[in-house]
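# What the coordinates show
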Amino acid sequence: MWNFAEHGNSTAIIDEYGKTLTYRELKTESEKLAAIIGKRCLVFSLCRNEIGAVVGYSAFINGDIVPLLLNANLEKELLNNLLEIYKPEYLWVPEEMVSEFQNMSEEVNMQGYSLLKTHYKVDYHLYPELALLLTTSGSTGSPKFVRQSYANIKANTDSIIEYLELDSSERAITTLPMNYTYGLSIINTHLMVGATLLLTDKSLMQKEFWNFFKSEKATSFGGVPYTYEMLDRLRFYRMQLPSLRYMTQAGGKLTPELHKKFAEYAEENGKKFIVMYGQCEATARMGYLPANKAVEKCGSIGIAIPGGKFHLIDDNGNYIDQPDTTGELVYEGANVTLGYAECSADLAKGDEWNGILRTGDMAYFDKDGYYYIVGRKKRFLKIYGNRVNLDEIDRLIKGRFDGLECASAGVDDHMYIFITDGSKADAVKDFVANKTKLNPIAFKIIVIDEIPKNDAGKILYKELARYYE
Amino acid sequence: MTNRELYDNAFIEVLGVTNEQLAGLKYQDVETWDSVGHMSLIAALESAFDIMMDTEDIIDFSSYEKGMEILSAKYEVEF
C-alpha cells in the first residue's frame, strides 16, 4: 500500500508526548513486526491514537496480514464475544493491557504495544484481496464487520488526496479514533503523501490538545457533528490558529446553522471547510462539498468524489432524473467494499457488491447536481458520530433484562429507550451506557404503559416519535 | 441554594457522581466526565451562575477544585 522508503527521513508521526517516528523508522519497525508474524493471518488490533497502533496497522496492511480494528476501550465481554467468533491468530494491544489476556503468550513488545499469540484453531480462509475489517457499529460490539480490499483502500485514498489536494507539507492532528473509518482515512491519506500525523487521544475540551495543536502547527483536523458543536461552544471562531488550513466534517449531518457558521468562519479567515459524506461500506468517503461551495450550498453533502458516481432510485428501483425528488442514494465506485462478514467463515468470501452500494440514506439533488440527505431507511442513529443500531440495542437490553419490554428510537445524538417497567429505568440506562461506552447524556429512558405494536406484533416506532419530536 | 450547592449539583446531575466523589475529581476520572460530559457540565454551570465562560477557561477546567478556582477568580462566583 505505502512506499515509506520514498519519504526517507521526513517525519511520519509525532505523538503528544513529543516522540517522533520518521518514515524510515516506520518502514523498519513495521517490516520487523510483519516478519515476526511471518504469514498472512487475522490479527485483532486494539487501537488508540498512539505510535504503536499506527506501526501495527501499517505493518499489517503492507505485510499482507489482515487486521480487524477495534477501539482499545471496547467493553471486555463484547471483545471476548468477537474473539470467539473470529478466532484471530494474534492480538496487537497497548502493553498495559497484556495482563488482561492471561491465556495468550507475548511474542514481542514494540513501540508500547504487544503482540499476543492466541490459541485458537484456525478453521477459516482469508480471501486473497481482503485487507481490513472495520466495524459497522463499533460501540455495540456487533459481530458485523465491513470487508475492505487493498484496491478499495487505494482507490479511496487516492481520491481523497486528489479532492483535498494533500501533499507532504500537511500535519493532520487526530480528533477521531483510528478504528473509526473516518479517522483511519486521515491516517491512510497522510501516510500515502508522506505527510505528518500528530497523534493524540486528548479531546478538544482539554488544554493539552490545543497546546499540542499549536506547538506542532497542525494544518487540519476532522470532526463529526458533535465535534463542531463542541467547537461552537468553545467559541472556536475567536481562537488564533494560524497553522490551520482546513477542517473536514463527516459522520452525520451537521445542523444548517453550524454548517453556515463554520463555512463563513473559513471564508473570512482564509481557511477551508469541507463537508463530506461516506460510510464504512464505501471504505470511507463517497461525497464532498468543495470548499468554495460551502456557503452557497450550505446543508449539502456535495457531489461524488473523483472516480465515483451518485444516483437516486425510487421505491421500484427506477432512476430518478428530476431535481428536488427524494429517493435512495446509490453510489458506484472502486471504493465500494467487498461486503459484510458476520463470522470467520465469511472471511473467505469474495466481492459481493460489485462496486455498487445502496446507502440506505434518502436524498435529493438540486438543479446544479448537489446532493442533500433528508433521512434514513435503516433503523440506526449516529451518536457522537458512532453508528448505533437500534435493533441491536434492543437485543442487548432484552438479553440482559429477562422479559423486559423495550423499544429504542430517537434522533442523532439523542436516543430514547422506551420501557414499561419503571423500576428498571436506571439499570437500563447504566447498562446501555456501559455497553456502548457512550456518555449516558445521549440516552433517555421513557417509561410508558405499553409498547405500541400492530396486530402482527411489530413495534410501531412512528408512534413512539411523538414522545421526543 | 448556596453557590457551593449549585456548583456541586451541576456535577452530580450531569456526571452522575455522588457527593463523596466530588473532592479531587478530575477530568476522565469517571467515564461520564469525557468531552461530551464536559460540554454539558460547562453548559449547566453557565446557566446556574448566568455566566459565559471563555475558551481558555473551559479547556483549563480540569478538576472539581480547578473549576471553583476559575469561577471565583474570573466570574465573581464566591464559594
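Residues numbered from 1 in each chain as written. Chains lettered and ligands numbered in written order. Predicted model: local features only at pLDDT ≥ 70, side-chain atom pairs only at ≥ 80, totals over all residues.

Attention shifts here to the overall build of chain B. What chain B contains, in helices and strands, is four helices and zero strands. When the helices and strands of chain B are read in sequence order from the N terminus, they spell out α-α-α-α. On C-alpha atoms alone, chain B measures out to a radius of gyration of 11 Å, which is about the 12 Å that the 2.2 N^0.38 rule sets for 79 residues. Expressed as lengths along the three principal axes of its C-alpha atoms, the size of chain B is roughly 30 × 25 × 20 Å. With 79 residues in all, chain B has 33% of them scored as buried. Summarising the internal contacts of chain B: among those between residues at least 6 apart in sequence, 48% fall at separations of at least 24. (Helix = DSSP H or I, 4+ residues; strand = E, 2+ residues; numbered from the N terminus. Rg over C-alpha atoms; globule rule 2.2 N^0.38 Å. Buried ≥ 20, exposed ≤ 12 C-beta atoms within 10 Å, placed from the backbone. Contact = placed C-beta atoms within 7 Å.)

So, on to the interface of chain B and chain A. One frequently used descriptor of interface size is the decrease in accessible area upon assembly of the parts. Listed per partner, the contact involves 15 residues of chain B and 16 residues of chain A. Within the residue set of the side of chain B that touches chain A, elements represented by two or more residues are helix H2 (35-49) and helix H3 (55-60) of chain B. For the side of chain B that touches chain A, the leading source of residues is H2(B), giving seven residues. Grouping the amino acids of the side of chain B that touches chain A by side-chain chemistry returns six nonpolar, seven polar and two charged. (Nonpolar A, V, L, I, M, F, W, Y, C, P; charged D, E, K, R; others polar.)

What follows covers the sheet that holds strand S17 (residues 309-313) of chain A. All names here are of chain A. Sheet architecture is open: four strands sit in the order S17-S18-S20-S21, paired in antiparallel fashion. At either margin of the open sheet sits one strand with a lone partner, and together these are S17 and strand S21 (371-376). Ignoring which end each strand starts from, the neighbouring axes of this sheet average 50° apart. Summarising the sheet, strand S18 (residues 327-332) and strand S20 (residues 356-365) pair through five bridges and their orientation is antiparallel. Bridging from a neighbouring strand, Glu-328 pairs with Met-362 of S20. (Pairing = 2+ DSSP bridges. Axes fitted to C-alpha atoms, helices over the stretch in contact; angles between N-to-C directions.)

Here we take up the nonpolar core. All names here are of chain A. One finds Val-43, Val-54, Val-66 and Ile-417 to be the most contacted residues of the largest nonpolar core, which totals 159 residues. It is helix H2 (residues 51-62) that provides the largest number of residues to this core, a total of eight residues. Each of domain 1 (4-375) and domain 2 (380-467) contributes no fewer than three residues to this core. (Core = buried A, V, L, I, M, F, W, Y, C linked by C-beta atoms within 7 Å. Domains from an automatic or database assignment.)

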